[in-house]
Amino acid sequence: MVEYERHDYDVIVIGAGGAGLRAAIEASARGARTALICKSLLGKAHTVMAEGGIAAALGNVWPQDNWRVHFRDTMRGGKMLNNWRMAQLHAQEAPDRVNELEEWGALFDRTDDGRILQRDFGGHRYARLAHVGDRTGLELIRTLQQHAVHNGIDVFMECTVSRLLKDGDRVSGAVAYWRESGNLLVFNAKSTVLATGGTGKAFAVTSNSWEYTGDGHALAYWAGAELIDMECVQFHPTGMVWPPSVRGILVTEGVRGDGGTLRNSDSERFMFNYIPDFFAAETADTIEEADAWYEDKVNNRRTPDLLPRDEVARAINSEVKAGRGSPHGGVFLDIASRRSTEYIRRRLPSMYHQFKQLADVDITAQPMEVGPTMHYIMGGIRVDADTAATTVPGLYAAGECAGGMHGANRLGGNSLSDLVVFGRRAGLGAAEDAAAQTSAPEADDAQVEEIVADMRAPFERDGAEGPYDIQRDLQETMHNLVGIIRTESELLEARERIDGFKGRAANVGVYGHQQYNPGWHLAMDLQALLTVSEATARAANVRQESRGGHTRDDYPGPNDAEWGTKNVVIRQGADGEMEVTTSPLPEMPADLQELFEE
Amino acid sequence: MSETANMRVFRGDAESGDWQDYSVEMEEGQVVLDVIHRIQATQAPDLAVRWNCKAGKCGSCSAEINGEPRLMCMTRMNLFEPGEQITVAPMKTWPLIRDLVTDVSFNYEVAKTIPAFKPRAPEADGTYRMMQEDIERGQEFRKCIECFLCQNVCHVIRDHPENKPEFAGPRFFVRLAELEMHPLDTEDRLELARKDAGVGYCNITKCCTEVCPEEIHITDNAIIPLKERVADRYFDPIRWLGSKIFGR
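This part takes up the overall build of chain A. Within chain A one finds 18 helices and 18 strands. Relative to its length of 598 residues, chain A is compact, with a C-alpha radius of gyration of 23 Å against a globular reference of 25 Å. By principal-axis analysis of the C-alpha atoms, chain A measures approximately 75 × 50 × 50 Å. Counting the 598 residues in chain A, one finds 62% classified as buried. The contacts in chain A between residues at least 6 apart in sequence include a share of 74% that link residues at least 24 apart.

Put into structure tokens, the structure is as follows:
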């Protein structure tokens, strides 16, 4: 019989970034006994790295802005693959959530008349991102953290969930371990919220932190839930490219929002050569118009430097391939020649700091070198838009690990707003569900024993291959074969290699103690990484078109008739194998469809 | 071009521990955390280290490098002479868990004791107005990434752990000052600053300011103004007399 700490709650929330914190705050406010479980210390989650801002149609800078415009931008940015209801709720509720952050102590940058200032970002028709310089994520997580600690939420820090428990069809809790000691915990919960973020650590070049091993996606999948759009991965156009050790670290889109431009080795502003038909009507085609747009949005169209991220990332990729890249394999991002030193240091303090310290580059005097980096996964756990319920009873999901909101490509700034809008809804949904349960769940010992045996198995194989090489090989494979440009032969090869990695991971060995042993932790994280990698590789092969963040060399361009109307769906089959199917997109009501007819 | 780094890393737990030497291949532009990761991947898979963003934004990878409190992810290897031995030790002020990981729970406990932000009523339209110049100081304080290096280096608790129950430390003086200067906040925390948080213990040696990776002027902008406000309220003889005579 294994020994473990037992904890009983109404609601457990797994993950303590913006979505998890907001979910826990809401569940607790609705009277649910709530636990918040996170792999890191509180306040360190990946949300902290968000830079540019939080998108909300407050209309403080451009009164013409409203939720309909934001909704339309979001759907078009997502190449219409978004769940329309999620995009609608998001656009409608984001302003309330931003104002709520201010009520809880956040200090956003101000307009001249003392309101929340908003900045330009890619794909947004108006300056829409509330922000704090270029450290908006830190402000968001700290505000929520400081609000949460006074709300009677129990926080389990440096505690990793390995598997969800089930009682019949319903998720009934989770098995976890303390990273510090390796000791086990069993949570019995009436409902469970997943808010674990993304899958970036499956890729060699990423802006994501170590925690992004796809835990929530995998936990849900193993528990029988459906994943959608797993092929839709966002490569942010501007990550650092040099020095090698910082390759992939994010350079905020705010640099372009505040006037920075992309140039190739011929000093050409190459984005003018990459304006797609889909956005031609709303994009400036001359340098004069693009530069005038920053000041006058009514009479000018948006600079192509601020096309949605998928478009810009592909353009950079093409320039580098054509031999017009920068010395270290990126392109130049120049704000030094366009804005004053004082302006740059005030608007982009952490970018200044980051380049100065890590790359010996002074961004007020020199251009930056940037290139695409895996940044975000649009795909995720299928949820009901209004309640954040997954396809498995008792299980909810919000934030990056949930799918549908962003379609095939996410607009910058829509992630932070997603976290608080749907974090709140998930906390609400989970609390109401828990209140409706008549009996408290009780963990099934046989399930617990089986899970724990799996967790500890790597210690039995001392001397076998360790986890680090497997992770590195997986990251190289995903980067090279399931990256920014994809093709069938490579995707099939990726699947074969992933099968090989699964074999190696099943025999992975670790040695030493259970106390804060990173090798053991990685050995367990590999299970989730491999599951989400396989899901992305399989889904990418099924969608035979190019749409948003999913680009097929062998199927260039979108195929609206065949693929524009469906999601790719992943679930675990009865035989334990991964199944890939499709299902029709929910149909948008006529009054919203009208917004796209202008 | 690869060079070899000579690393001396503390390995051990709460009971015992010792320095361990590692010779590690490194690449151009690397930081100390890269080298620690390489040790993990090639020589010591169980080497415990806490980290998250590797971009100076989360404040997880605090350590003492050649005796200096720093973030491992923002300390470039080219800061040191080629071939120089580089020591990496856990933060001294916190109880050791293992290797480079310490128990920083003290800080999370102190955070709970600071009363929440309590805003005044909003404007008629339900939102607030604040001027940029009135929030700039608060924004400086909110740059804090909670790396706890200021706490680690503060000799009030570093050299005298017995002070921990009555001293909140620089990070929380920054938090108190931030709330105190917040244009919307209505809560009074000066009594807390004076009594339970023990701002009076600080004798302004500025060690905290020197190690802050966010370059927050902890002493000048947070602690001294906080001390002044406490002094004005509790130790100003005219105010004291006034409060006795007029009862306020």
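Residue and element names in this part refer to chain B. Split by domain assignment, chain B resolves into domain 1 (3-102) and domain 2 (105-239). Of note, the centres of domain 1 and domain 2, computed from C-alpha atoms alone, are 30 Å apart. Counting residues at the interface gives twelve residues for domain 1, matched by 13 residues for domain 2. Taken together, the residues of the side of domain 1 that touches domain 2 break down into six nonpolar, four polar and two charged.

Next up on the list: unusual backbone geometry. Omega for the bond connecting A:W242 with A:P243 falls within 30 degrees of zero, at -5°, which places this linkage in the cis form. Even without a glycine there, the phi angle at A:A388 is positive, about 65°. Relative to the assigned elements, A:A388 resides in the loop between β15 (380-381) and β16 (395-397). With phi around 50°, B:E146 is a residue other than glycine that occupies positive phi space. Looking at where B:E146 falls in the secondary structure, it is placed in the loop between α3 (132-141) and α4 (149-153).

This part is about the interface of chain A and chain B. Opposite the 48 residues of chain A that make contact, chain B presents 45 residues. Counting only elements with at least two residues in the side of chain A that touches chain B, the list comes to α3 (84-103), α4 (136-148), α11 (349-359) and α16 (518-542) of chain A. A per-element tally of the side of chain A that touches chain B places α4(A) first, with five residues. Its residues placed into classes, the side of chain A that touches chain B shows 19 nonpolar, 18 polar and eleven charged.

What follows concerns the sheet that holds strand β11 (residues 233-240) of chain A. Residue and element names in this part refer to chain A. Pairing is antiparallel in the open sheet, where four strands are placed in the order β11-β14-β13-β12. Both outer strands of the open sheet, β11 and β12 (261-263), are each paired with one neighbouring strand and no more. In this sheet, adjacent strand axes meet at a mean angle of 45° when their direction is disregarded. Sheet analysis places strand β13 (residues 331-334) next to strand β14 (residues 368-377), joined by three bridges and oriented antiparallel. Within β14, the position partnered with L333 by the bridge is M368. Contacts from helix α9 (residues 309-321) reach β11, β13 and β14, with the element oriented near 60° to β11.

Before going further, it helps to examine the pairing of strand β1 (residues 3-12) of chain B. All names here are of chain B. As paired strands, β1 and strand β2 (residues 17-26) are joined by ten bridges and run antiparallel to one another. Residue pairing across strands places M7 opposite Y22, the latter belonging to β2. Pairing of β1 with strand β5 (residues 85-89) involves four bridges; the strand directions are parallel. Within β5, the residue paired with N6 across the bridge is Q85.

Attention now goes to the packing of helix α14 (residues 467-481) of chain A against α16(A). Residues and elements named next belong to chain A. Interaxial distance between α14 and α16 falls to 9 Å at its minimum, and their mutual angle equals 25°. One finds that α14 runs roughly parallel with respect to α16. Here the hand of the crossing between α14 and α16 comes out left-handed. Here P467, Y468, I470, Q471, L474 and M478 of α14 come into contact with α16, specifically with G519, L522, A523, L526, L529, L530 and S533. The residue makeup of the contact of α14 with α16, split by class, is ten nonpolar, three polar and no charged.

Another point: the confidence of the model for chain B. The predicted model of chain B averages 94 in pLDDT, with 98% of residues at 70 or higher. Across the predicted assembly, pTM comes out at 0.96 and ipTM at 0.95.

Residue and element names in this part refer to chain A. Looking at the assigned domains, one finds that chain A contains domain 1 (5-234 + 375-436), domain 2 (239-373) and domain 3 (451-567). Between the C-alpha centres of domain 1 and domain 2 there is a distance of 28 Å. Counting residues at the interface gives 22 residues for domain 1, matched by 23 residues for domain 2. The residue makeup of the side of domain 1 that touches domain 2, split by class, is six nonpolar, eleven polar and five charged.

Glancing now at the packing of α3(A) against helix α12 (residues 414-436) of chain A. Residues and elements named next belong to chain A. Running from amino to carboxyl end, α3 crosses α12 at an angle of 95°, the nearest separation of the two axes being 9 Å. With respect to each other, α3 and α12 are oriented roughly perpendicular. Here α3 contributes L89, H90, E93, A94 and R97 to the contact with α12, which in turn contributes S417, D418, V420, V421 and R424. A class-by-class count of the residues in the contact of α3 with α12 yields four nonpolar, two polar and four charged.

Parameters and conventions
- By convention here, each chain's residues receive numbers from 1 onward along its written sequence.
- Chains carry letters from A onward and ligands carry numbers from 1 onward, assigned in written order.
- It should be noted that, the model being predicted, local features are given only for residues of pLDDT at least 70 and side-chain atom pairs only at 80 or more, the latter also being counted only at that level, while totals for whole chains, interfaces and linings use all residues.
- Each helix is a run of H or I in the DSSP string that is no shorter than four residues. Each strand is a run of E no shorter than two, and both are numbered from the N terminus.
- Only C-alpha atoms enter the radius of gyration; for comparison, a globular chain is expected to reach 2.2 Å times N to the power 0.38, where N is the number of residues.
- Counting other C-beta atoms within 10 Å of a residue's own tells you its class, since 20 or more makes it buried, 12 or fewer makes it exposed, and anything in between is partly exposed; those C-beta atoms are placed from the backbone.
- Two residues qualify as being in contact provided that their C-beta atoms, derived from the backbone, are within 7 Å of each other.
- Note that the domain bounds reflect an automated or database-derived domain assignment.
- All amino acids are sorted into three groups, where Ala, Val, Leu, Ile, Met, Phe, Trp, Tyr, Cys and Pro are nonpolar, Asp, Glu, Lys and Arg are charged, and the leftover types, Gly among them, are polar.
- A strand pair is defined by DSSP finding two or more bridges across the two strands.
- Helix axes are fitted to C-alpha atoms over the stretch in contact, other axes to C-alpha atoms as well, and angles between N-to-C directions run from 0 to 180 degrees.
- Roughly parallel means an angle under 35 degrees; roughly antiparallel, over 145; roughly perpendicular, 65 to 115; everything else is oblique.
- It is the rotation of the near helix from the far one that decides the hand of a crossing: anticlockwise by less than a right angle makes it left-handed, clockwise makes it right-handed.
- A score from 0 to 100, pLDDT tells how confident the predictor is in each residue.

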